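Okay, here's what each chain looks like letter by letter:
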Amino acid sequence: MKTKSLLSTASLALAIAAFSAGAHAQIAVGHLADYSGGTSDVGTPYGQAVADTFAWINKNGGIGGKQVNVDTNDYGYQVPRAIALYKKWSAPDTKVAAIMGWGTADTEALTGFLAQDKIPDMSGSYAAALTDPEGTSGKAKPAPYNLFYGPSYSDALRAMLMWATDDWKAKGKSGKPKFVHMGANHPYPNAPKAAGEALAQELGFEVLPPLVFALTPGDYSAQCLSLKSSGANYAYLGNTAASNISVMKACKTAGVEIQFLGNVWGMDENAAKTAGDAANGVVFPLRTAVSWGGDAPGMKTVMEISKISDPTGKVYRPVHYVAAVCSAMYMKEALDWAAKNGGANGENVVKAFHQKKDWVPVGMEGVCNPSTWTEKDHRGTLKVDLYQTKISGATDGELNDLMAKGTIKIEKIKTVELPRKPEWLGW
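Figured I'd write up the structure that's included with this text. All values derive from a computational prediction rather than experimental measurement.

Further remarks concern empty space enclosed by the protein. Taken as a whole and assessed by the stated rule, the structure comprises 2 cavities of 30 Å³ or more. Computed from the structure, the largest cavity encloses a volume of approximately 60 Å³. Taken together, T39, Y77, W102, G103, T104, G124, S125, Y153, Y188, T240 and W265 make up the full set of residues lining the largest cavity. Its residues assigned to classes, the lining of the largest cavity comprises 5 nonpolar, 6 polar and no charged. The calculated volume of the second largest cavity comes to roughly 40 Å³. Y149, G150, P151, L286, R287, N369, S371, T381, K383 and D385 are the residues that line the second largest cavity.

See below:
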């Protein structure tokens, strides 16, 4: 009995040691997702794609033979909850190698801590304040550990305003076009406001006072009547799709003739289906070179990743899902490089992002747009692909069918290559 007891104790000790070694052998990544809060309409497909991609990475050997331990949390788009999670992820015994982040308010609140703790955050916020690693612009505090894939909100709005200038001329209109910024009084919709209004003025627009509407769906008839009486020609919708749909529908009912410019989270295939003909003609930026099912070698990888949560392969994935796969694949390659160059820790992960020029992750060719991050400039790309929604019938039914039949289309209308102006860094 005594021998058996000793063996059991020894076995238990070995098991604990093996478990600890296994846990230590894993690479920890924090994942902040909004599945239930004010941006959950777009946060859900994005967060799902991040989770699917890392599960697929683990299924295919992980990072240098190590599994990635992804701690996914729905924080409901609440800054205090994000800060509490960050405290856990930055604690010495549970410190993560990187964070796949989400919102503007929480990402900006954490920027200083990320730099201090040397934890990179690949966020779903594309606020220009996150693009200045050294703080040289004087527009924002240094953000050396902040990254994102795609053009900033400010650069996307600049590109849409340049398109609007050409659109105004192409329509043979005279006089000054009128531009208005719309969205919640919140860090995310407000992020590109100053940049957009400054360029609009420079391009010859009359800039109208901003119109505020909440991040949640509601009755925005009053805002639409204000739009109508103001004579606005171009309106930037700074919120996510759910509340933008309410505005578009209300404005359609009120007979408002206006060209809506959607931010990157402001329009997608699901929003076009829900809004129906009220969403026809909205212009918005796309982060990837193709959308779901597009003709690109890398779409095969995206389809395989999608099967992690949809083994049938039948679910249509909106633009945010595809963009999130790109974001996670960039992080995967950065972790790979770090693991081979001193270890998968935050400092090495950020160094990894600075190693390549015009970088497309392996297996994502033709899907992810080439990106370049440097120690002095985290504007990964200044190429903005602009798309426009086309709705040609009733949008009841399955999204897959509506897209296949062409009832809903998202068509590329222009690519704007912005100059890398130093004065546009950080705002």
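Having seen the model, we can carry on.
Two pairing modes exist for strands in a sheet, parallel and antiparallel, and in both the strands are linked by backbone hydrogen bonds. An order of β2-β1-β3-β4-β5 is seen for the 5 strands of this open sheet, with the pairing classed as parallel. At either margin of the open sheet sits one strand with a lone partner, and together these are β2 (68-74) and β5 (146-147). When strand β4 (residues 121-122) meets β5, the two strands line up parallel, connected through 2 bridges. Residue pairing in the sheet places M122 in a bridge with L147 of β5. Sheet strands in contact with helix α12 (residues 319-340) are β1 (27-33), β3 (98-100) and β4, and its direction is about 170° off that of β3.

Here we come to α12. Under the 1.5 Å per step criterion, the end-to-end length of α12 is 32 Å for 22 residues, consistent within 8% with the ideal 32 Å. Most of α12 sits out of view: 19 of its 22 residues are buried. Two residues or fewer past α12, G342 is found with a positive phi of approximately 105°.

To continue, consider the packing of aromatic side chains. Applying the stated criterion across every chain yields a total of 20 aromatic pairs. Relative to W265, the ring of W102 has its centre 4.8 Å away and its plane inclined at 65°; by these criteria the two rings are edge-to-face. Of this pair, W102 sits in the loop between β3 and α4 (104-117) while W265 sits in the loop between β10 (259-262) and α10 (269-275), placing them 163 residues apart in sequence. Across the pair, exposure class does not vary: W102 and W265 are buried alike. Between Y330 and W373 the ring centres are 5.1 Å apart and the planes differ by 80°, which places this aromatic pair in the edge-to-face class.

Here we come to the state of the cysteines. Using the criterion set out here, one finds 2 disulfides in the structure. Two residues share a disulfide in this structure: C224 and C251, whose sulfurs sit 2.1 Å from each other. On the S-S bond that ties C224 to C251, the torsion sits near -90°, and the link is left-handed. Here C224, found in helix α8 (residues 221-230), pairs with C251, found in helix α9 (residues 241-253); they are 27 residues apart in sequence, far enough to count as distant. The pair C224 / C251 is uniform in exposure class, with both members buried. Between the sulfur atoms of C326 and its disulfide mate C368 the distance is 2.1 Å. On the S-S bond that ties C326 to C368, the torsion sits near -100°, and the link is left-handed.

Okay, the layout of surface pockets next. Approximately 630 Å³ is the volume found for the largest pocket. Along its surface, the largest pocket is lined by 27 residues, and Q26, I27, A28, K95 and V96 are the ones closest to its centre. Going through the elements one at a time, α1 (2-25), β1, β2, α3 (79-90) and α13 (346-353) are the ones with two or more residues in the lining of the largest pocket. Among the elements that take part in the lining of the largest pocket, β1 stands out by supplying 3 residues, more than any other. Of the residues in the lining of the largest pocket, the class split is 11 nonpolar, 8 polar and 8 charged. Roughly 300 Å³ of internal volume is contained in the second largest pocket. Along the walls of the second largest pocket sit 14 residues, with K252, V256, I258, A278 and N280 positioned nearest its centre. Elements represented by at least two residues in the lining of the second largest pocket include exactly α9 and β10. In terms of residue count, the dominant contributor to the lining of the second largest pocket is α9 (3 residues).

This part takes up unusual backbone geometry. Positive phi, normally seen in glycine, also occurs at K118, with a value near 60°. Relative to the helices and strands, K118 resides in the loop between α4 and β4. Judged by relative accessible area, which is 36%, K118 ranks as partly exposed. Residues other than glycine seldom take positive phi values, yet D358 does so here, at roughly 45°. Within the fold, D358 resides in the loop between α13 and β12 (383-391). On the basis of relative accessibility, which here comes to 54%, the residue D358 falls in the exposed class.

Rules behind the numbers
- Residues numbered from 1 in each chain as written.
- Predicted model: local features only at pLDDT ≥ 70, side-chain atom pairs only at ≥ 80, totals over all residues.
- Heavy atoms only, no water.
- 1 Å grid on protein atoms, 1.4 Å probe; cavity = no way out; pocket = protein on both sides within 12 Å on 5 of 7 lines; lining within 4 Å.
- Points joined across faces, edges and corners; volume = space filled by probe spheres on them.
- Nonpolar A, V, L, I, M, F, W, Y, C, P; charged D, E, K, R; others polar.
- Pairing = 2+ DSSP bridges.
- Helix = DSSP H or I, 4+ residues; strand = E, 2+ residues; numbered from the N terminus.
- Contact = heavy atoms within 4.5 Å.
- Axes fitted to C-alpha atoms, helices over the stretch in contact; angles between N-to-C directions.
- Expected span 1.5 Å × (residues − 1).
- Buried < 20%, exposed > 50% of the residue type's maximum accessible area, 1.4 Å probe, protein only.
- Phe/Tyr/Trp six-rings, centres within 6.5 Å; stacked < 30°, edge-to-face > 60°.
- Disulfide = S-S within 2.5 Å.

Nothing here speaks to function; it is all geometry.
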